[in-house]
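Fold and geometry: a report
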Amino acid sequence: MAEVAISRSVLIIVENLPSPFDRRVWQEATTLRQAGYGVSIICPIGKGYDSRYECLEGIHIYRHSLPTEAEGALGYLIEYSAALFWEFVLAWRVLRRHGFDVIHACNPPDLIFLVGGFFKLFLGKRFVFDHHDINPELYEAKFGRRDFFYKLMLAVERWTFRTADISIATNESYKRIAIERGRMPPDKVFVVRSGPMLDRLRIVPAVPALRNGRKHLVGYVGVMGKQEGIDLLLQAVAHIVHDLNRTDIQFGLVGGGTELEALRRYAAQLKVSDYVTFTGRVPDADLLAMLNTADVCVNPDVPNDMNDKSTMNKIMEYMALGKPIVQFDLTEGRFSAQEASAYARNGDIADFARHVVSLLDNPEQRERMGAYGRQRVEQVLEWKYEVPKLLAAYTSVFAAA
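A brief look at the structure comes next. (Residues numbered from 1 in each chain as written. Predicted model: local features only at pLDDT ≥ 70, side-chain atom pairs only at ≥ 80, totals over all residues. Heavy atoms only, no water.)

Some thoughts on the environment of methionine 312
Definition in use: Here a helix means four or more residues in a row that DSSP labels H or I, a strand means two or more in a row labelled E, and each is numbered from the N terminus. Contact definition: two residues touch when any of their heavy atoms are within 4.5 Å.
Along the chain, methionine 312 turns up in the loop between helix H10 (305-309) and helix H11 (313-320). Each C-alpha atom, one on methionine 312 and one on asparagine 362, is 26 Å from the other, the two residues being 50 residues apart in sequence. When residues no more than four places from it in sequence are discounted, the contact partners of methionine 312 are Asn299, Asp301 and Asn307.

Remarks on the pattern of salt bridges
Two side chains bearing opposite charge may form a pair once their charged atoms approach each other closely. Basically, it comes down to this: Salt bridges are identified by distance alone: a Lys or Arg side-chain nitrogen within 4 Å of an Asp or Glu carboxyl oxygen. Residue burial is assigned from relative accessible area. The probe radius is 1.4 Å, only protein chains are included, and a residue is buried under 20% of its type maximum, exposed over 50%, and partly exposed in between.
Going through the model one piece at a time under the given rule, you end up with 25 salt bridges. With its nearest N and O atoms 2.7 Å apart, the salt bridge here joins arginine 354 to aspartate 351. Here the residue arginine 354 and the residue aspartate 351 both occupy positions in helix H13 (residues 349-360), the gap between them amounting to three residues, near one helical turn. For aspartate 351, a relative accessible area of 3% corresponds to the buried category. Salt-bridge contacts for lysine 389 lead to glutamate 386; the nearest nitrogen and oxygen are separated by 3.3 Å.

Re the packing of helix H1 (residues 23-34) against helix H15 (residues 387-399)
Note the following rule: Axis lines are fitted to C-alpha atoms, over the contacting stretch for helices. Their N-to-C directions set the angle, which ranges from 0 to 180 degrees. An angle counts as roughly parallel when it lies under 35 degrees, as roughly antiparallel when it exceeds 145, as roughly perpendicular when it falls between 65 and 115, and as oblique in every other case. Each helix crossing is assigned a hand: it is left-handed if the near helix lies turned anticlockwise from the far helix by less than a right angle, otherwise right-handed if that turn is clockwise. Put simply, Ala, Val, Leu, Ile, Met, Phe, Trp, Tyr, Cys and Pro go in the nonpolar bin, Asp, Glu, Lys and Arg in the charged bin, and everything else, Gly too, in the polar bin.
Contact pair H1 / H15: the axes reach a minimum separation of 10 Å and the direction vectors enclose 70 degrees. On the basis of the axis angle, H1 is roughly perpendicular to H15. Crossing angle aside, the handedness with which H1 passes H15 is right-handed. Between H1 and H15, the residues in contact are Glu28, Thr31 and Leu32 and Val387, Leu390, Leu391 and Tyr394, respectively. A class-by-class count of the residues in the contact of H1 with H15 yields five nonpolar, one polar and one charged.

What to know about the packing of aromatic side chains
Our working rule: In this analysis, rings of Phe, Tyr and Trp, with Trp reduced to its six-membered ring, are considered paired at centre separations within 6.5 Å, and the interplanar angle assigns stacked below 30 degrees, edge-to-face beyond 60, and tilted for intermediate values. Charge over a ring is defined by NZ of Lys or CZ of Arg lying within 6 Å of the ring centre and within 35 degrees of the ring normal.
Taken as a whole and assessed by the stated rule, the structure comprises 18 aromatic pairs. With a centroid separation of 4.8 Å and an interplanar angle of 50 degrees, the aromatic rings of tyrosine 53 and tyrosine 62 are classed as tilted. Under the relative-accessibility criterion, tyrosine 62 is labelled buried at 2%. With 5.5 Å between their ring centres and 65 degrees between their planes, phenylalanine 100 and phenylalanine 119 make a pair best called edge-to-face. Note that phenylalanine 100 is positioned in the loop between helix H2 (73-97) and strand S5 (102-106) and phenylalanine 119 in helix H3 (residues 113-123), a separation of 19 residues in sequence. Taken together, the ring pairs in this structure connect Phe88, Trp92, Phe100, Phe118, Phe119 and Phe122 into an aromatic cluster. We note lysine 125 situated over the ring of phenylalanine 100; from NZ or CZ to the ring centre the distance is 5.7 Å. We note arginine 376 situated over the ring of phenylalanine 335; from NZ or CZ to the ring centre the distance is 5.4 Å.

Remarks on the side chain of arginine 63
The criterion, for reference: Polar contact criterion, stated in full: a pair of N or O atoms within 3.5 Å, where within protein one must be able to donate a hydrogen and the other to accept it, and residues adjacent in sequence count only if both atoms are side-chain atoms.
When you line up the elements, arginine 63 lands in strand S4 (residues 59-64). Residue arginine 63 is classed as buried on the basis of its relative accessible area, which comes to 2%. A polar contact of 2.8 Å, which involves the side chain of arginine 63, links it to the backbone oxygen of serine 19. In this structure the side chain of arginine 63 is engaged in a polar contact, spanning 2.6 Å, whose partner is the side chain of glutamate 54. Contacts of arginine 63, omitting those with residues within four sequence positions, involve Ser19, Pro20, Cys43, Pro44, Ile45, Tyr49, Ser51, Arg52, Glu54 and Leu90.

Right, here's the structure in full:
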């Protein structure tokens, strides 16, 4: 990599995924580095990313341990408290070794404003809030209630926006939240979508063995959590196998998470274990093999406020690989995919299953939808179209300094 003259420095803090595994964070980091910014990242360790420090592509990465992958209120309290401790400790280390002018906080959680606010108040640093998840809606999706903790999430969200010099939204729905709930001036909110990079999402030959001896493969990639709707997908698989008598379809589910083992048990309970491959978290090469082999890709996200307003990276990854999609009819999912997807009635498992089978039985339609999705990524959604927007946001940060 050619040497880049450094004029300003950025510290990116992300708590829920390691770098460079978190693709959006890594794309932002490398974009800023290539534009001449010094960049450091604080993040947790993770499988395959367990070095406490390394420098990749000129970016300094400091990783810390976390006591547990949170599940339940006590688990989240322990995880977030440990993360905040290490974020403060490592922020001081980065300041001494490399310096920074801006703290760029990626949620969840929204507690990183405590770190950003401290360095803003006492050392005059700028604070950028990169809004990845809407936490009040995420809490409701996980626990199904609007109680004290839901109200606390709303309060913490407000404090985060008030601390931020600017905020970065991943779509127009999040921008409205920043303006309406966060009361940020519209000119301080920048939409930077999570576009895929086509040099990473390569179209490669299919791997027939992944079909497990069956004619078709349906692919999924994502977190195995409660709000991702994998239980709904498994119910759709059961309907396809047992009610529609389709035994020629394998389902490949790529990703890890707190619900992985429970979902394996649920597949066994539904008597579809032989038709479902759970890979867990795997390297990019294995993920690409599964998705490139798939005839259809699915997004079973539960229809709720969280998923309706959120842009899912998996949708654009499917499109980048030229795959037709089946999903429920959610606002941001439809905006991203448009004609590359079939849309099942929200919450209707049989309708979801019907769309999957219909696409598998219609190769011409699959080809047409896949080509549309690939073209939309190439012409509208690829990360290169978001680069000027990210850099414009940073121009605004320093113009106000």
